[in-house]
Amino acid sequence: MRIPILSIHPIKVLRTPRHFSSKSASRASKNRSLSSARPLPQEEVESDWGTIHDYKQRAMIPYHPARLAPSIQERTSAAQEMTLSYAGTVPIPITSNLQLIQPEDDTPRGIWPVYRLMVSTHRRRPQNALRTLEQDGEIRDPAYDGINQPVLRPDVTTPDDVEDNLDQFRAFLAHAHPYQSDEIQKSGLLRASKYPYVDTNSNNTLLRAHRQIVRLRQMDDILLNAQRQGRISFYLTCRGEEAILMGAASALEVGDPVFAQYREQGVLMWRGFTLEQFTNQCFSNILDLGKGRQMPIHYGSRALNYHTVSSPLGTQLPHAVGAAYRLKLAGEPNVAVCFFGDGSTSTPDFHSALNFAATLNAPAIFLCRNNGYAISTPTSDQFAGDGVISRAPGYGMAGVRVDGNDIFAVHAAVREAKQYALSKNAPVLIEAMTYRQGHHSTSDDSSQYRSVDEVLTTTENHDPLNRLEAFLKKHDLLSEEDVEVMRKQERNDVVKAMEQAERRPPVPMRELFTDVYHDMPLHLQRQQAQLEAHVKKYPEKYA
Amino acid sequence: MLSNFSRHSFVRVGKSSALAKSTRSFAAATQVAVREAINAAIDEEMERDESVFILGEEVAQYQGAYKVTKGLYEKYGDKRVIDTPITEMGFTGLAIGAAYKDLRPIVEFMTMNFSMQAMDQVINSAAKQYYMSAGDLACPIVFRGPNGFSAGTAAQHSQCFGAWYSSVPGLKVVSPYSSEDAKGLMKAAIRDPNPVVVLEHELMYGVSFPMSEEAMSKDFVIPIGQAKIEIAGSDVTLISFSKTVGLCLEAAEALKGEGISAEVINLRSLRPLDRKTIIASAKKTGRVVCVEQGWPQCGICSEIAAILMETDAFNYLDAPMERVTGADVPMPYAVDLENASLPQVEDVLAAVRRTTYRKLAA
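Residues numbered from 1 in each chain as written. Chains lettered and ligands numbered in written order. Predicted model: local features only at pLDDT ≥ 70, side-chain atom pairs only at ≥ 80, totals over all residues. Heavy atoms only, no water.

Going by the annotation in an unreviewed UniProt entry, the name recorded for chain B is Pyruvate dehydrogenase E1 component subunit beta, with Fistulifera solaris given as the source organism. According to UniProt, the comment filed for chain B under the heading Cofactor (unreviewed entry) is "thiamine diphosphate". If you open the UniProt record of chain B and go to Catalytic activity (unreviewed entry), you find "N(6)-[(R)-lipoyl]-L-lysyl-[protein] + pyruvate + H(+) = N(6)-[(R)-S(8)-acetyldihydrolipoyl]-L-lysyl-[protein] + CO2". (UniProt positions renumbered as here; feature names shortened; annotations may be inferred.)

The name given to chain A in an unreviewed UniProt entry is 2-oxoisovalerate dehydrogenase subunit alpha, and the organism recorded there is Fistulifera solaris. As stated in UniProt under Function (unreviewed entry), the record for chain A gives "The branched-chain alpha-keto dehydrogenase complex catalyzes the overall conversion of alpha-keto acids to acyl-CoA and CO(2). It contains multiple copies of three enzymatic components: branched-chain alpha-keto acid decarboxylase (E1), lipoamide acyltransferase (E2) and lipoamide dehydrogenase (E3)."

What follows concerns the UniProt feature "domain: Transketolase-like pyrimidine-binding" (unreviewed entry) in chain B. Feature annotation in UniProt assigns "domain: Transketolase-like pyrimidine-binding" (unreviewed entry) to the following positions: residues 32–207 of chain B. Here residues 32–207 of chain B is 36% helix and 16% strand, with 8 Å between the C-alpha atoms at its ends. (Helix = DSSP H or I, 4+ residues; strand = E, 2+ residues; numbered from the N terminus.)

Now for the environment of Ala 384 of chain A. Residues and elements named next belong to chain A. With respect to the element layout, Ala 384 can be found in the loop between helix 12 (379–382) and helix 13 (392–395). Judged by its relative accessible area of 73%, Ala 384 falls in the exposed class. Taking the C-alpha atoms as reference points, Ala 384 and Ser 311, separated by 73 residues in sequence, lie 26 Å from one another. (Buried < 20%, exposed > 50% of the residue type's maximum accessible area, 1.4 Å probe, protein only.)

Counting residues in each nonpolar core, the largest one holds 90 residues, and the members touching the most others are Leu 206, Met 219, Phe 408 and Ile 430 of chain A. When near neighbours in sequence (up to four residues on either side) are disregarded, Leu 206 of chain A contacts Leu 166, Phe 169, Leu 189, Leu 190, Phe 408, Leu 468, Phe 471, Leu 472 and Leu 477 of chain A. (Core = buried A, V, L, I, M, F, W, Y, C linked by side-chain atoms within 4.5 Å. Contact = heavy atoms within 4.5 Å.)

What follows covers the layout of surface pockets. Reported here for the largest pocket is a volume of approximately 1,100 Å³. Along the wall of the largest pocket there are 33 residues; nearest its centre are His 523 of chain A together with Pro 272, Leu 273, Asp 274 and Arg 275 of chain B. Elements with a contribution of two residues or more to the lining of the largest pocket: helix 18 (522–537) of chain A together with helix 6 (162–166), strand 12 (269–271), helix 10 (275–285) and helix 11 (300–310) of chain B. Counting residues per element, the lining of the largest pocket draws most heavily on helix 18 of chain A, which supplies five residues. Considering only residue class, the lining of the largest pocket consists of 16 nonpolar, eight polar and nine charged. Of all elements in the fold, only helix 6 (205–228), helix 7 (242–251), helix 8 (265–271), helix 9 (275–283), helix 14 (407–424) and helix 17 (480–503) of chain A reach the threshold of two or more residues within the lining of the second largest pocket. Of the residues forming the lining of the second largest pocket, the biggest block, five residues, is contributed by helix 6 of chain A. (1 Å grid on protein atoms, 1.4 Å probe; cavity = no way out; pocket = protein on both sides within 12 Å on 5 of 7 lines; lining within 4 Å. Points joined across faces, edges and corners; volume = space filled by probe spheres on them. Nonpolar A, V, L, I, M, F, W, Y, C, P; charged D, E, K, R; others polar.)

You can see Asp 145 of chain A is positioned in the loop between strand 5 (114–115) and helix 4 (166–176). Taking C-alpha positions, Asp 145 of chain A is 7.9 Å from Ile 94 of chain A, a pair spaced 51 residues apart along the chain.

Here we come to the pairing of strand 11 (residues 262–266) of chain B. Residue and element names in this part refer to chain B. For strand 11, a buried count of five out of five residues is recorded, marking the element as mostly surrounded by other parts of the structure. Judged by which residues are buried, strand 11 turns out to be covered on both faces: Ala 262, Val 264 and Asn 266 on one side and Glu 263 and Ile 265 on the other are all buried. When strand 9 (residues 228–231) meets strand 11, the two strands line up antiparallel, connected through three bridges. Across the sheet, the residue bridging to Lys 228 is Asn 266, located in strand 11. Relative to strand 11, strand 10 (residues 236–240) runs parallel, the two sharing five bridges. Along strand 11, the bridge assignment pairs Ile 239 with Ile 265. A crossover links strand 10 with its parallel partner strand 11, the connecting element being helix 9 (residues 244–258), and its sense is right-handed. (Pairing = 2+ DSSP bridges. Right-handed = clockwise from strand over helix to strand, strands pointing away.)

It is worth spelling out the pairing of strand 4 (residues 92–95) of chain A at this point. Residues and elements named next belong to chain A. With two bridges connecting them, strand 3 (residues 83–84) and strand 4 associate as antiparallel partners. Counterpart to Leu 84 in the pairing with strand 4 is Ile 92. Looking at chain direction, strand 4 and strand 5 are connected through two bridges and run parallel. Residue Thr 95 lies in a different strand from strand 5, and its bridge partner there is Tyr 115.

With an omega dihedral of 0 degrees, the bond running from Arg 271 of chain B to Pro 272 of chain B counts as a cis peptide bond. Inspection of the secondary structure puts Pro 272 of chain B in the loop between strand 12 and helix 10. Its identity is not glycine, yet Ile 297 of chain A carries a phi of approximately 70 degrees, on the positive side. Structurally, Ile 297 of chain A is set in the loop between helix 9 and helix 10 (316–330). At Ala 154 of chain B, a residue that is not glycine, the phi angle is positive and equals roughly 65 degrees. Among the structural elements, Ala 154 of chain B can be located in the loop between strand 5 (142–146) and helix 6. A relative accessible area of 22% places Ala 154 of chain B in the partly exposed class.

Turning to the sheet that holds strand 4 (residues 104–108) of chain B, a few remarks are in order. Residue and element names in this part refer to chain B. Read across the open sheet, the seven strands follow the order 3-2-4-5-7-6-12; overall the sheet is mixed. Edge positions in the sheet fall to strand 3 (81–83) and strand 12, since each has one partner strand and no second. In this sheet, neighbouring strand axes are inclined to one another by 20 degrees on average, regardless of whether the strands run parallel or antiparallel. Where strand 4 and strand 5 come together, three bridges link them in parallel fashion. Each residue of the ladder has a partner; that of Glu 108, found in strand 5, is Arg 144. With respect to the sheet, helix 1 (residues 34–48) is in contact with strand 2 (52–56), strand 3, strand 4, strand 5 and strand 7 (196–200), its orientation differing from that of strand 2 by roughly 135 degrees. (Axes fitted to C-alpha atoms, helices over the stretch in contact; angles between N-to-C directions.)

Spelled out as structure tokens, the structure:
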């Protein structure tokens, strides 16, 4: 756990009370109508950090630097950096300090802060923003948290040949950003792999993550269009959530079983599922690993420890607890990781699973992709409390909230969570805040319940791929031409895989009867033989 | 021709030892209660295989809600005998997750009525998963619990789930009657790599049956899918499962006095149904009366009627099949109403008499 620098550098607090109350009033309107709201507490509270007004309106974590120090308030551009708000939710204070709030810690009062390592790019800037473009692609400045630290900056340039030496880049970054050096040094994304990755043929993990996101996006685009053209029956994109998937997958190993909901194809892709395997499943052809049993996007792979996707929401949560329990009994250094969305947190399985994991001491990581919508239900209708993460102390488990569009933050959180879960045999809840850029699925038209403008603005300003690319370009790891070439290459690969998959023959009819039971019962054997004889007798009807 | 609409309010057959008739004449036989037989089966399997564990409400320190898991907590500790919070959906899901990872859980439902809370997990995550995942996710799990009526527990604690579970492909469903059935089927269920539902009966837990030497051994397994002919007969076939087998045995005894020789079949396994035995017996006697406790529509008896229609057993029938089932109402509480909603011996006798007096033109 990080020892905050705050204890060494006390914050100087400049007070402008009126300025404060106007700010808090605007933030006060959560989702309750103001007419029915009680007047907000205006009392002053003495604390180590000076007089604080309206403390209930701000996240109060003792010794936590996520404080809106008023010296920063004057900088309007900085005000944009202070809160995160996707999907029209309540503005959430941002912090540069990754702290896994454990059950023994004091719980944040009010809104839990969200951890972010990398600055968000704002392509479409609001009118009063004064931020300059140089800040895109940066590691977040802890001064926005009110932390004064010596800044060793910008004469330090990114070393050459970083692409071939990720470890050197990591050392440079850690040196340039001393406050976050801990997370940077521990980050697996900034660590070269032992053996070259098969798909990129290089050891560079960070560039592989970027490439995989590009590939994932192209696959989503093309298969979505394939559904619109009637070539497959159903598809579901994970557009906007790729940072969560790649960030989490890169912090895990194949030995960690993944219990996905349905929007996590990125995790499978990171582990090594090929484009051919994806498209074979969507087209249900003879090479489909699932033998044509499931709808498209219900991938599964025993080899990659990714449990076959099951449609009912939330059922995978107790499964993950069971698997985690088994891992604990066997003493394996692995955790069970479970992905789900904000809507699934309302299912009874969510409650049972989290309560169970905490009482049974099961090393499970529950990763909630809070993307603002459960089909058409916005999170304002889904919960009345502070999102999903506020429930963690209720169950007696550790938790942290991260910016889901920041791949480094998600990676750091999952890495920390895995370490915690293994060392203490305890579950962890991670809430990753993000935005669902696409429709819920091909059976949905999201313009019915949200404005196209909201989608476009959020996409332009907070897209995870844009953020990562800005970071890579800023540090000379990538150029615009490289990205173009990569996009075209990946697109061609996906199209080729899809066309091949479409042309393959369908699953043979004998697979209708297999795998109902471990050993095929007599009556099914007979029916299978009958069907085969029938097809053989009338081949022209079944060509 | 449903006989469940004609009721006589008799005192319901209780735990009388008239039912505990031995149908096997082995010399050395010990009297063992059904609950002890199940306990022995679980104990022996847990000893034999370390990956077997049992979880449910009250199974550990309370020794089981019906004392079926008595002594297991002391013997195996809290890693393998786990008390769960009150969330059927949760602990069923947890057990299924563990089963996916090659453990062999036994999930106890306090009554199978509460398994309705977990029905989605049982069907969508256990029964169908081997098929849907094309063999990736096997689920070697056992769901067990008392099924069907009890004494004065009313509608939400008296439903029979035989028909619902036995209609699901991917599940195996067994329902024992005697202690031997209970032990052999439970062991078979635990050793089976498929998900198995074991429908016990609360009122049978205390009933003792003689168990042979062979049945007391540690490897006594009754293959799933085999029915048992409790009494051989020639005039009419009585088919049933679980507690109502006792009813049929009593009726057979009474019919002997009337000169009707009844063959009693104890199904033992609802999925797969032992179609061979049913058809062979129907061919032999030509008259069938099927008895079950559950509701008449789409019940086990309906399935047996379909078997008799679809196979060549139809050609051997001398009379239409008769069903004696529970009344088509949620189970009431008052004693007389409850008795009126359940099949009684008189109903079975009436059905048999109707069946045997009906003769096609000779």
